[in-house]
Amino acid sequence: MTVQPAAFLRTTLPLGIDMAAQYDSGRYHSIWLPDHMVSFWPDSIWTPEFTDLAIASPSPHRHLDGMAVAAATAVLTRNVPIATTVIDTVRRHPSLLAQSALTISHLSKGRFILGLGSGELENTVPYGFDFRKPVSRFEEAIRVIKLLWHSDGPVDFAGEFYKLEHARLDTELYEGKAPEIWTGAAGPRMLGITGREADGWWPAGSYTPEDYAAKLKVILDAGEAAGRDMSGFTPALTQICLIGDEGEIEEMLRAPMVKSIILMLNARDVEQFGYAHPMGADWHGIMDFDPHVLTREKMIEFCEILDTRMIRDIFPVGTPKEVAARIKGFADAGMQVYKLMEYGAMGGAKFSAGSAAKVRETEDEIQKLVAG
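Keep in mind the model is a prediction, meaning the values are calculated, not measured.

Rules used in this analysis
- Residues numbered from 1 in each chain as written.
- Predicted model: local features only at pLDDT ≥ 70, side-chain atom pairs only at ≥ 80, totals over all residues.
- Heavy atoms only, no water.
- Helix = DSSP H or I, 4+ residues; strand = E, 2+ residues; numbered from the N terminus.
- Rg over C-alpha atoms; globule rule 2.2 N^0.38 Å.
- Buried < 20%, exposed > 50% of the residue type's maximum accessible area, 1.4 Å probe, protein only.
- Contact = heavy atoms within 4.5 Å.
- Areas by Shrake-Rupley, 256 points an atom, 1.4 Å probe, with all protein chains shown as cover.
- Lys, Arg positive; Asp, Glu negative; His and termini not counted.
- Charge placed at Lys NZ, Arg CZ, Asp CG, Glu CD.
- Core = buried A, V, L, I, M, F, W, Y, C linked by side-chain atoms within 4.5 Å.
- Axes fitted to C-alpha atoms, helices over the stretch in contact; angles between N-to-C directions.
- Parallel < 35°, antiparallel > 145°, perpendicular 65-115°, else oblique.
- Left-handed = near helix turned anticlockwise from the far one by under 90°.
- Nonpolar A, V, L, I, M, F, W, Y, C, P; charged D, E, K, R; others polar.
- Salt bridge = Lys/Arg side-chain N within 4 Å of Asp/Glu carboxyl O.
- Pairing = 2+ DSSP bridges.

Chemist: Give a description of the overall build of the protein that names residues and reports values.
Modeler: Counting its secondary structure elements, the protein contains 15 helices and 13 strands. Taking 372 residues into account, the globule formula puts the C-alpha radius of gyration at 21 Å, and the protein, at 20 Å, falls close to it. Along the three orthogonal principal directions, the C-alpha set of the protein runs to about 60 × 50 × 40 Å. Counting only residues that meet the buried cut, the protein has 55% of its 372 residues in that class. For the protein, restricting intrachain contacts to residue pairs at least 6 apart in sequence, the fraction spanning at least 24 positions comes to 72%. Carbon together with sulfur atoms contributes 52% to the accessible area of the protein, which is approximately 16,200 Å² in total. Put simply, the protein has 36 plus and 50 minus side-chain charges, and the middle of one group is 2 Å from the middle of the other.

Okay, structure coming up:
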């Protein structure tokens, strides 16, 4: 089994699209592009009082459209696949997702991967989108996308969320092949949908190789039960980590932005590691909070009571060799493609400047381990 790193292309300002040619070098399995309206970093502590990153960027929410940046990346590269990680099925109608995906597939000559997820509160509710029944909407959206891709002539569809009457998408698939669909999924329903419908997967939260393997088994079993050949399915992983020597790690863990990583996790996630979530037992994590409403006082309290051992225990933390050893466990569990999200960079400008080099060194260490 081949294990490869993926490249991550920011879709925030300042835009790093000038890196596209470097990512097309053959080192990376694919280029992954997020699609957000809002980041999860709380506004109340994105100030020079708490981080010097706020001096360089006035807001952590300077997002561009992920599909538009993917289209630009498609024409700036020649070989590497391009994937959205992930677009939600709340803000975009599936007919638009189907058309946009085919557009980028043609621009990239068949290299586009449509990464989809059920959505997050922060990117939907503040803008007036209906965030009820997101998983059911997600499943129906995929059905509509595939119906439009694979139907000849006008089609009708009557679902709970979408209705088509004599709708058509006559744009042919690039060389007769539909874009792959990968999903961001963690819960049982989402994993089952992934097995039945998707070609690849990123877990939206999987913190141990054992958990990763169990979720992957649910996917593969669901696919096989639906009569699919799962041999070409791609298990992937986006992994938050902190990379540095012990002195650097200790300094990173004092930074409010690094501590804020725990906001992404729900209370059940951290309980599995023996901790109580600083935001309380009802905290639902990144899927269900708005960073705008987290006040300065609340975030100061959060940072004061957070036990940073939690971060060390949940995420890979340490030198490139130490982090690589943790990632090797996921490869053993079936992971084939990974991207390290080195959040030590959120410790401040001094750490962000060297973050990319640390990630590259760690990727090299991982490749040595998986090749052995």
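Chemist: Please give an account of the nonpolar core that cites residues and values.
Modeler: Ranked by internal contacts, the top residues of the largest apolar core, which has 65 residues, are L114, L116, W149 and M335. It is helix α6 (residues 134-150) that provides the largest number of residues to this core, a total of eight residues. Judged by nonpolar contacts, the second largest core, of 41 residues, contains I45, I249, M257 and W283.

Chemist: Describe in detail the packing of helix α14 (residues 320-332) against helix α15 (residues 349-371), supporting the description with residues and values.
Modeler: Closest axis-to-axis distance for the α14/α15 pair is 8 Å, and the angle between their directions is 50 degrees. Taken together, the axes of α14 and α15 are oblique relative to one another. Both α14 and α15 take part in a crossing whose hand is right-handed. Across from P320, K321, V323, A324, A325, I327, K328 and A331 in α14, the residues of α15 making contact are E361, T362, E365, I366, L369 and V370. Looking at side-chain class alone, the contact of α14 with α15 contains nine nonpolar, one polar and four charged residues.

Chemist: An account of the pattern of salt bridges is needed here, citing residue identities and associated values.
Modeler: Close approach of charged atoms allows side chains of opposite charge to pair. Applying the stated criterion across every chain, the model contains 24 salt bridges. Ionic pairing is found between E248 and K358, a salt bridge with its closest N-O pair at 3.4 Å. Of this pair, E248 sits in helix α9 (residues 246-252) while K358 sits in helix α15, and the two are 110 residues apart along the sequence. On the basis of relative accessibility, which here comes to 16%, the residue K358 falls in the buried class. Between K368 and E365 there is a salt bridge, with the nearest N and O atoms lying 3.5 Å from each other. Of this pair, K368 and E365 both sit in helix α15, three residues apart, which is roughly one turn of the helix. Through salt bridges that share partners, D35, D65, D88, R91 and R92 make up one connected network.

Chemist: Outline the pairing of strand β7 (residues 155-158), supporting the account with residue identities and numerical values.
Modeler: Residues V155 and F157 line the buried face of β7, whereas the alternating positions D156 and A158 sit on a face that is not buried. Relative to strand β8 (residues 163-167), β7 runs antiparallel, the two sharing three bridges. What sits directly across from F157, in β8, is L164.

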